[in-house]
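Coordinate analysis (summary)
Take a look at the letters that make up each chain.
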Amino acid sequence: MNKKKKSLLAVSFIAGVILIGLYGVDSSERYIAVSELLANPQDYSGQNINAMGVVEDRSLHKDPGVTSFDLKDENDENLKIHVNYVGNLPSNLAEGKQVTIRGSMISESTFEANKIVTGCPSKYTE
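What counts, and where the lines are drawn
Residues numbered from 1 in each chain as written. Predicted model: local features only at pLDDT ≥ 70, side-chain atom pairs only at ≥ 80, totals over all residues. Heavy atoms only, no water. UniProt positions renumbered as here; feature names shortened; annotations may be inferred. Buried < 20%, exposed > 50% of the residue type's maximum accessible area, 1.4 Å probe, protein only. Helix = DSSP H or I, 4+ residues; strand = E, 2+ residues; numbered from the N terminus. Pairing = 2+ DSSP bridges. Salt bridge = Lys/Arg side-chain N within 4 Å of Asp/Glu carboxyl O. pLDDT = per-residue confidence, 0-100. Contact = heavy atoms within 4.5 Å.

Looking at an unreviewed UniProt entry, one finds the chain named Cytochrome c-type biogenesis protein CcmE, heme chaperone, with Methanosarcina mazei WWM610 as its source organism. In its Subcellular location (unreviewed entry) section, UniProt records this for the chain: "Membrane".

The structure is reproduced here in structure tokens:
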């Protein structure tokens, strides 16, 4: 095989791997920052959306029937929304952790989540 054919074959292989890796990924899923939610909360009222942020310290309350916490913006900790959630909690949900939530804005500063996803805990420590 000549050099040009090998290069073309390599590029085709890489493109195939990328396409297979992206298969099944919903590119329409968008994650909205807390700052964006607070800028235009009415735009997200009643819509099922994904949001992301950090669980604020000393705000996590696990009461029978409902869990609530404040979710702060990753870039501006002064911006936060209150989150109410009913359902099974991820075992590693904790204050100070980055989370993504799915649900809708029910007021200008309150989000009703129907799903919470946390990242996997790191196996490395600083």
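**Structural notes on the pairing of strand S5 (residues 80-85)**
Here S5 shows one buried face, formed by Ile81, Val83 and Tyr85, and one open face, formed by Lys80, His82 and Asn84. Here six bridges tie strand S4 (residues 66-72) to S5, and the two strands are oriented antiparallel to one another. Considered in S5, the bridge of lysine 72 is made with lysine 80. Direction of pairing for S5 relative to strand S7 (residues 110-118): parallel, over a ladder of four bridges. Bridge pairing in S7 places asparagine 84 opposite glutamate 112.

**So, the pattern of salt bridges**
The tally for this structure, following the rule as stated, stands at two salt bridges. Two residues, arginine 30 and glutamate 36, come together in a salt bridge whose shortest N-O distance is 2.4 Å. We classify arginine 30 as partly exposed; its relative accessible area is 46%. Exposure remark for glutamate 36: the relative accessible area of 27% places this residue in the partly exposed category. A salt bridge links lysine 80 to glutamate 56; the nearest nitrogen and oxygen atoms lie 2.7 Å apart. Pair noted here: lysine 80 is in strand S5 and glutamate 56 is in the loop between strand S2 (49-55) and strand S3 (61-63), with a separation of 24 residues, a long-range link. Residue classification places lysine 80 among the partly exposed positions, given a relative accessible area of 32%.

**A look at the confidence of the model for the chain**
The share of residues in the chain with pLDDT of 70 or more is 72%, and the mean pLDDT across the chain is 81. Segment residues 16-27: pLDDT under 50, and zero contacts once partners within four positions in sequence are set aside and those in other chains are kept. Per-residue pLDDT stays below 50 along residues 121-126; that stretch engages in two contacts with residues further than four places along the chain or on separate chains.

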